Structures are given as structure tokens and as C-alpha cells.
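# Tertiary structure, described
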Amino acid sequence: MITREQIHELAEFEDPAACAFSFYFQPTPPRNKAHKEEAILTKDLAREALRRLEAKGKCESARADLDRIVRLSQDLRGKDLRGKDLRGNGRRGGAHARAVFACAAQGFWREYDLPAQLSGTELMVNRHFQLKPLTQLLGALPSLGIVLVDRHRARLFDLRLGELTERMDFLHPASRRGRSAGFGGYDGGHAERRVADEALHHFKFIAEFLMDALEKGMFEKWILGCQDIHWSQFEPQLHPYAAQKLLGRFAAELAHVSREDIRSQAETIFADAQEKRCQEAVRETINQARSNARGVTGLRRVLRSLEAGEVQTLLLGQNYHAQAVECSGCGHLDAHLVSFCPVCGRETREVVDVGEAILPWIIRHDIELLYVKDDPEFDKVGNIAALLRYRSEQNSNLRSITDGVAHPSLRRRSALVARYRDRASG
Ligand SMILES: [Zn+2]
């Protein structure tokens, strides 16, 4: 499965000749006749891509990439037919989807397994890799820790991109004396107290371990599975930060719960939490935007805030599409379809889908991205909005981008702009 660093690498990649291929292969169940057609579909997509590239006079290295992609899709088809559970969503024994990012001209080829939850098989070619299917998947499936506890044992799983992995199994065995009721009941009260102390010690230990794991970034959020009686003892031990990262809890017997049960309980809790988070973010952003505070709506203002380094959370409609232009010099994106960059004066080129074009920026700057589904209020404000860290006073002034010093990326950009200016005037 793909790591954070690998996603950053993809976001950084750019091919000036616009021959960077992104291929997403989604397996379909064999009983569905369409399955056989996935490989044929890939061939058609490849042929179409080649035709378009040939028309532009660039196809030498592209042909090598396309041949390799077609061969791969045929191999995948063979593998998927052997898989037992094609709707496996990444379950062991089930089929995975596959993503390929390739650019032979630059010697770049990366393949990643993904949970089989893509919307379909797609092949795209552009200057940058197409990252929307990936970011949608990552948003839907972040890395989650799942902790199961009882009085003297704890198990830690992580669920990342649909893959459930057991990481730890702690056992604090009850001491011999603690377990017995004491000789002839004489030591009864004492022993009971010792059992309670041992449990408390165990819960404290797990709470500390959990805090440490969150701080080290082992996972972003977590979910707890335990019996109610243990929750009342475990909860007071949690650090406030860890408590804040807890998405929800389900009732489970640590020793008997199945992996499938853990996964489905965790996925349900996560989906509910994510929907709630998304609704709250939409409401908050719209309210903030109305009072000209920490929120902006609409493409033009969102682009400006992104370039000013103000954005904390970006909200995009699931099916958002809009055109923009991108500067061939400094990379400035503009919602007005102008021929020359208002920042550096170089020529611009058209960007067909701005929702895709801003993803590399979002990934590079670790901005939270939420895809909003069917929300009439969000629709009214243009299906694009952002919650800001802060709002710069010069927000409405383009010069603030070139003169800005607040954000390191801006300084880099200013330097870049200055360089292009020099070149233009020299
Ligand atoms: Zn420019």
C-alpha cells in the first residue's frame, strides 16, 4: 500500500512534455461479463491516448508506457480471476485495485495496490499525475488505530487503506495471589483490591502507550473496542489529546471478536464520524465566510487563499469541475481565463479541471481535504470552500503573493517570480 512519502513524490512530479500517465485499474467481479472487458477497455484507453499524443507529435516514450500498462492490465486480469473474493475491498485473498504512475521520458514508473474501491478503470495523461481517485480513497480511508482492551490484555490493530493489521498484543497476567480469593476467604478483600490495582495499572499503561503512538504518528485517529464495564475504568486514564482523537467505541470481547467484525465496526464508526466532520466543516466554513472571518467560498477566493498559505481545510464537492488557467512560469492558478499571468506576466495555459490541478499543492502543504457529497447549502456557495488558519489583511490584493513573507512556500514562489521577471526584462 502507498505511503505518505510516496504520495508526496507523486504530487511533486511534473513532465513539461505532458506525458505523465496515471492509470487506475479497478477489478470487477468475474460473474459480471464486463470483467473480461477491463483489459480490453485498457487497450482502448491506451490506443485513444496514443492517438491524441501522436496528433501533438509526441509519442516515442509514451508508446513504451502504454504498452507496459496494457500488458499489466492483462496480467492483473489473470490474477483477479484466481482471487476468491473480488469484492474483497482489500481483504486477505481478495483482489486489489492497482494504480500506475509512469513517465518513460523521465524513467519514472510506480505501481501501487489500492483497496478495490475505485469508481472505475481510468487512464489519464497530463503534465502532473492525476491524483483525485487516490485522494478520494485516502480521505475515505485514513490510517486508523483500533484498540481492544479488557482487564489484563490489549490488542492494537491498524486499519490503513482497508487493510487490517495486528500490531501489538499486550498481556499483563493477573498475579497468582491476586486471582485466588485467599486462604479460606481470609485474604479476600485484600486480593480483590490487588486485582483492581493491577487492572488500573494495566489501563494506565495502555493509555500511555496509546498517547505515545499518536504522538509518533502511528495513526491519526483511533477506535476502541471493549466492554462497557472496562470503559468506565479505562476512560479516566486517557490523556485529553488521546480522548480527542477517539472516534468512537464498540462493544467487544477481546478474546473472541473476529477480524471481520473489528473491521466492519471500525469502518461504520469511521464513516459516521467522517460524515459528521464534513457537515460541521461545511457549516463552519460558510459561517466564517459570511462574517469575513476564517472562511472563503468560491473558486477565485479559494485559489487566492491557497496561494497565500492560509488554508487549513479545503472542501470540494464530490463532482466539482471548473476551468482555470495556470501560469507556465510561476504556476499561479487563476479563475479568470486570462492569457497572461497577473503575477509574473508569462503566458498561461488552460487547466481543464481545477479540482485536479490544485491537488499537488494540497498534498505538498498537508492541507486537510474533504469531499462533500450532495449538500444543497454547499452547492449554493459554488461547491468549493476553504477554512483558513488565519486571514491575511492583504487577502484581496494580488501583490501580497509576491511581497508576502509569511509562509516559506511564498518566499520560494517570490524568488521564482523574481527570477522570471529578471529573465523577462533581461
Ligand atoms: Zn506567473
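Because the structure is predicted, anything quoted here is derived from the model rather than measured.

## Overview of the side chain of Lys-132
Tracing the backbone shows Lys-132 in helix α4 (residues 132-140). Polar side-chain contacts of Lys-132 include one of 3.1 Å to the backbone oxygen of Gln-318. Apart from residues lying up to four places away in sequence, Lys-132 is in contact with Gln-318, Asn-319, Tyr-320, Glu-356, Leu-359 and Tyr-371.

## What about the coordination of the zinc ion?
At this site the zinc ion is bound by Cys-327 (SG), Cys-330 (SG), Cys-341 (SG) and Cys-344 (SG), with donor distances of 2.3 Å. Mapping the donors of the zinc ion onto the primary sequence gives the spacing C-x2-C-x10-C-x2-C. Taken as a pair, Cys-327 in strand β12 (residues 324-327) and Cys-341 in the loop between β13 (333-334) and β14 (348-351) lie far apart in primary sequence, 14 residues in all. Like Cys-327, the residue Cys-341 is buried in the burial classification.

## Observations regarding the packing of aromatic side chains
Taken as a whole, this structure holds 10 aromatic pairs when the rule is applied. Ring geometry for Phe-101 against Tyr-112: centres 6.4 Å apart, planes inclined by 50°, an arrangement best described as tilted. In this pair, Phe-101 is assigned in strand β2 (residues 97-103) and Tyr-112 in strand β3 (residues 108-114), connecting sequence segments 11 residues apart. Like Phe-101, the residue Tyr-112 is buried in the burial classification. Each ring, one from Phe-108 and one from Phe-129, has its centre 5.4 Å from the other, and the planes form 35°; the classification is tilted. Of this pair, Phe-108 sits in strand β3 while Phe-129 sits in the loop between β4 (122-126) and α4, and the two are 21 residues apart along the sequence. Overall, the relative accessible area of 8% leaves Phe-108 in the buried class. For Phe-129, a relative accessible area of 2% gives the class buried. Each residue in the set Phe-13, Tyr-24, Phe-101, Phe-108, Tyr-112 and Phe-129 is aromatic and connected to the rest through ring pairs, giving one cluster. Over the ring of Trp-109 we find Arg-68, and its NZ or CZ is 3.7 Å from the ring centre. Positioned over the ring face of Phe-108 is Arg-110, at 4.2 Å from the centre of the ring.

What counts, and where the lines are drawn
Residues numbered from 1 in each chain as written. Predicted model: local features only at pLDDT ≥ 70, side-chain atom pairs only at ≥ 80, totals over all residues. Heavy atoms only, no water. Helix = DSSP H or I, 4+ residues; strand = E, 2+ residues; numbered from the N terminus. Polar contact = N/O pair within 3.5 Å; in protein donor to acceptor, adjacent residues only side chain to side chain. Contact = heavy atoms within 4.5 Å. Donors = N, O, S within 2.8 Å, 3.2 Å for Na, K, Ca; no water. Buried < 20%, exposed > 50% of the residue type's maximum accessible area, 1.4 Å probe, protein only. Phe/Tyr/Trp six-rings, centres within 6.5 Å; stacked < 30°, edge-to-face > 60°. Lys NZ or Arg CZ within 6 Å of the ring centre and 35° of its normal.

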